[in-house]
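Analysis of the macromolecular model
Here is how the chains run, residue by residue.
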Amino acid sequence: MSTLKEILTRRPVAATIRLTVPAGGARPAPPVGPALGQYRLNLMAFCKDFNARTQKYKPDTPMAVTITAFKDNTFEFTVKSPSVTWYLKKAAGVESGSSRPSHEVASTITLKHVYEIAKVKQSDPYCQYMPLESICKSVIGTANTMGIKVVKELD
């Protein structure tokens, strides 16, 4: 139950914008510019803040960002780590998954790769309270749907 003070201090939300922006590569050009410009948000403030938050990642790493735009032309945003499929493709060394999963094997990865991907994903806001084992099972399921075989050790 919200207190009266919380209800009165809430700012009305104009929109929630979801974008995929390369790490350290936010510029006021498309796709960021038009998406934020239509809600009259400060583009340069977003670009500087986003690039500062994502500087620890390699350039051109696709980062999912959720921007909450308020009616008073202010905003908040959360940055998620890259998708599991992106990590799996990098670990397997393939451009895309299998066109026929469970019939053709696109590549193989080890359980160590799965564990490392799960540790990175555990830092995401939506996964931080999930046990590592559950995240590993989810990563293995994603790998199976992409046609990537998970093995104990590479031969």
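Preceding this section is the structure that the text describes.
Residues numbered from 1 in each chain as written. Predicted model: local features only at pLDDT ≥ 70, side-chain atom pairs only at ≥ 80, totals over all residues. Heavy atoms only, no water.

1. Re the packing of aromatic side chains
Throughout the structure, instances matching the rule amount to six aromatic pairs. Ring centres 5.0 Å apart and planes at 70° place the aromatic pair F46 and F77 in the edge-to-face group. Of the two residues, F46 is situated in helix α3 (residues 43-53) and F77 in strand β3 (residues 75-80); the sequence distance between them amounts to 31 residues. Through a chain of ring-to-ring contacts, the aromatic side chains of F46, F50, F75 and F77 assemble into a single cluster. Cation over ring: R53 sits above F77, and NZ or CZ is 4.0 Å from the ring centre. (Phe/Tyr/Trp six-rings, centres within 6.5 Å; stacked < 30°, edge-to-face > 60°. Helix = DSSP H or I, 4+ residues; strand = E, 2+ residues; numbered from the N terminus. Lys NZ or Arg CZ within 6 Å of the ring centre and 35° of its normal.)

2. Comments concerning the environment of N144
In this fold, N144 is placed in helix α6 (residues 132-146). Judged by its relative accessible area of 43%, N144 is partly exposed. For N144 and G97, which are 47 residues apart along the polypeptide, the C-alpha to C-alpha distance reads 9.6 Å. (Buried < 20%, exposed > 50% of the residue type's maximum accessible area, 1.4 Å probe, protein only.)

3. A closer look at the pattern of salt bridges
With the rule as written, the count across this model stands at three salt bridges. The partner of R100 in a salt bridge is E104, and the shortest N-O contact between them spans 3.8 Å. Judged by its relative accessible area of 42%, R100 is partly exposed. You can call E104 partly exposed: its relative accessible area is 37%. Linking E133 and K137 is a salt bridge whose minimum nitrogen-to-oxygen distance equals 3.7 Å. With E133 and K137 both in helix α6 and four residues apart, the pair spans about one turn of that helix. When its relative accessible area of 57% is taken as the criterion, K137 is described as exposed. (Salt bridge = Lys/Arg side-chain N within 4 Å of Asp/Glu carboxyl O.)

4. A closer look at the side chain of T110
Of note, T110 is situated in strand β4 (residues 107-110). Using a relative accessible area of 10% as the deciding quantity, one classes T110 as buried. Side-chain polar atoms of T110 contact the side chain of H113, separated by 3.0 Å. (Polar contact = N/O pair within 3.5 Å; in protein donor to acceptor, adjacent residues only side chain to side chain.)

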